[in-house]
Amino acid sequence: MPENLNTVLGLDLGSFKIKAVICEIDAHNEIQLKGVGTSVSAGLKNGAIQDSQDLYRAIQHAICRAKQRTQLNPVQVFATIPVFGAQFLHNVGIVTSKSEDGRISEADRLECIRRSRHIVKSPHHTVAHSILLSSILDGQPRSNPVGALGRTLEVKQHVMLAYSKTLDSLSKILKRLGLYISGLVYDPLASAHLLLTDKEKEQSILLIDIGSRFTKVSLFKKNRLYYTATIPIGGDIFTQDLAKCLTLSTSDADYLKLTYAMIGDTIQQAQESLDITLKEEGRKQIKALLISQILEARLLELLKLIKRYIPLDKAPPHSIVLTGGSSNLKGLAGYIQSFFNCPVRQGPPEAIQSIIQDPLYISAVGLIAYALHTKAIQYHGKKSMGHRIKQWISTLF
């Protein structure tokens, strides 16, 4: 396959599945989705790399499947960061300017940003992301303090710390696959470019990504990621609760959850009994209310933890967006809307649904969108005047 500098691989390392997308950047710096592939997340457990060889084969399999329908051969990759050991915090850098004219210089601003990234951390962690949240000059907010009269500049940043060993292991695996690593990204930063509109990110919006083993919660406002948390509760925990409480096998409990479970609406469910044929248990009658109560108990725990880790009292969300492979439970959106008392949308906006029909690949394609937005990649070569794109996402930027 010919190599193309405009071909980029997006790699979403989920706790259950690995998703690979091959995208081509056109002359307008817009994205064409060319191929997709998945594989089981072998070698990954609870967000940690436990077997590098198994993970190597799993990533290789997902990439091979993505290449089946395209002749493009990506040479650079953007991948999500496994969540094991990740930490999130706010940190402030302070600089007192010594300029003769009493104005803040660009050097002052850069030094203040550098100091805000300088935090006390364990030797096992490295700074993966630092997001500028605010600049304050002599006690007054300033969007751009350079050139303004003042002495004391404060910069607040949202810092993500990643587990160094995980990043090193992942980098070695990707290099073995012959890929140039253009970026390792915390996936809510990537998926937000497709799931959230600019207006939503400006107003304050809570993104809840419910995966198989983790729920990632991110609060965006003023077009920045202000707070984020990773909670070890996901779809697998809901399945385990059903299996234990109803004495079912894991596979039957998962089938029951996906096919019959309904969260909320308990008045209608009170007298309803489900006559279900399960793969291992055979025919069985189960109270619909009991299923709902089991799931709601765990969901309530999850929502209370979200309130504990994300300071919603300081920045109440204007709305909520649900995503992730375990966010499709019937009644889930309505229950969360009632709990937080704000509108809830499930999945991406309509404009994106028409482009990426399978939401499974939102984060993987979002990596490419994030790279374009941050100018980490751009089109290489001469512009083609007659070129028309088939899939676009530029209106999100």
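So, here's what we can say about the structure. What you are looking at is a predicted structure, and each value in this text was computed from that prediction instead of being measured.

Once that is clear, we can look at the overall build of the protein chain. When its secondary structure is counted, the protein chain shows 12 helices and 18 strands. Relative to a compact globule of 397 residues, whose C-alpha radius of gyration would be 21 Å, the protein chain shows 23 Å and is just as compact. Judged by the C-alpha coordinates and their principal axes, the protein chain covers about 80 × 55 × 45 Å. Counting the 397 residues in the protein chain, one finds 51% classified as buried. In the protein chain, 68% of the contacts between residues at least 6 apart in sequence involve partners at least 24 apart. Accessible surface for the protein chain amounts to roughly 19,600 Å². Of this, 49% is attributable to carbon and sulfur atoms. Put simply, the protein chain has 47 plus and 34 minus side-chain charges, and the middle of one group is 3 Å from the middle of the other.

Checked against the element boundaries, Lys257 lands in helix α7 (residues 250–259). Of note is the side chain of Lys257, whose polar atom sits 3.1 Å from the backbone oxygen of Gly235. Among residues more than four places away in sequence, those in contact with Lys257 are Gly235, Phe238, Thr239, Leu242 and Leu329.

Sheet topology note: the strand β7 (residues 87–96)/strand β10 (residues 152–163) ladder contains 10 bridges and is antiparallel. For Val92, the partnering residue across the bridge sits in β10 and is Lys156. Sheet analysis places strand β8 (residues 125–137) next to β10, joined by 11 bridges and oriented antiparallel. For Ser134, the partnering residue across the bridge sits in β10 and is Lys156.

Next up on the list: the sheet that holds strand β3 (residues 31–40). In space, the 5 strands of this open sheet follow the order β3-β2-β1-β6-β11, with mixed pairing throughout. Each edge of the open sheet is held by one strand with a lone partner, namely β3 and β11 (180–185). Strand-to-strand twist in this sheet, taken as the mean axis angle between neighbours without regard to direction, amounts to 20°. Where strand β2 (residues 17–25) lies against β3, 9 bridges are found, and the strand directions are antiparallel. By the bridge assignment, Ile25 is partnered in β3 with Ile31. Sheet contacts for helix α1 (residues 52–67): β1 (7–13), β2 and β3; angle to β3, the most-contacted strand, approximately 140°. Sitting on the sheet, helix α12 (residues 362–373) touches β1, β2, β3, β6 (76–80) and β11, and the angle it makes with β1 is about 130°.

Within the open sheet, the 4 strands sit side by side as β7-β10-β8-β9. Their pairing is antiparallel. Two strands lie at the open edges of the sheet, namely β7 and β9 (140–141), each paired on one side alone.

Bringing the packing of α1 against helix α3 (residues 164–176) into the picture now. Viewed as axis vectors pointing N to C, α1 and α3 meet at an angle of 50°, and their least axial separation amounts to 10 Å. Regarding the angle of α1 to α3, the classification is oblique. At the point where α1 passes α3, the crossing takes the right-handed sense. Of the residues in α3, those in contact with Ser52, Gln53, Leu55, Tyr56 and Ile59 of α1 are Ser169, Leu170, Ile173, Leu174 and Arg176.

Within the chain, Asn46 stands out as a residue other than glycine whose phi angle is a positive 50°. Considering the arrangement of structural elements, one finds Asn46 in the loop between β4 (44–45) and β5 (48–49). Here Asn46 falls in the partly exposed class, since its relative accessible area comes to 41%. In this model, Lys222 sits at a positive phi of 50°, which is unusual for a non-glycine residue. Along the chain, Lys222 turns up in the loop between β13 (215–221) and β14 (224–231). Taking the relative accessible area as the measure of exposure, Lys222 reaches 48% and is therefore partly exposed.

The next subject is α1. The end-to-end C-alpha distance of α1, which contains 16 residues, comes to 22 Å, matching closely the 22 Å that a straight helix rising 1.5 Å per residue would cover. Lining the buried residues of α1 we find β1, β2, β3, β4, β5 and α3. The distance from a side-chain oxygen at the start of α1 to the backbone nitrogen of Gln53 is 3.1 Å, and the residue carrying that oxygen is Asp51.

About the cut-offs
- Residues numbered from 1 in each chain as written.
- Predicted model: local features only at pLDDT ≥ 70, side-chain atom pairs only at ≥ 80, totals over all residues.
- Heavy atoms only, no water.
- Helix = DSSP H or I, 4+ residues; strand = E, 2+ residues; numbered from the N terminus.
- Rg over C-alpha atoms; globule rule 2.2 N^0.38 Å.
- Buried < 20%, exposed > 50% of the residue type's maximum accessible area, 1.4 Å probe, protein only.
- Contact = heavy atoms within 4.5 Å.
- Areas by Shrake-Rupley, 256 points an atom, 1.4 Å probe, with all protein chains shown as cover.
- Lys, Arg positive; Asp, Glu negative; His and termini not counted.
- Charge placed at Lys NZ, Arg CZ, Asp CG, Glu CD.
- Polar contact = N/O pair within 3.5 Å; in protein donor to acceptor, adjacent residues only side chain to side chain.
- Pairing = 2+ DSSP bridges.
- Axes fitted to C-alpha atoms, helices over the stretch in contact; angles between N-to-C directions.
- Parallel < 35°, antiparallel > 145°, perpendicular 65-115°, else oblique.
- Left-handed = near helix turned anticlockwise from the far one by under 90°.
- Expected span 1.5 Å × (residues − 1).

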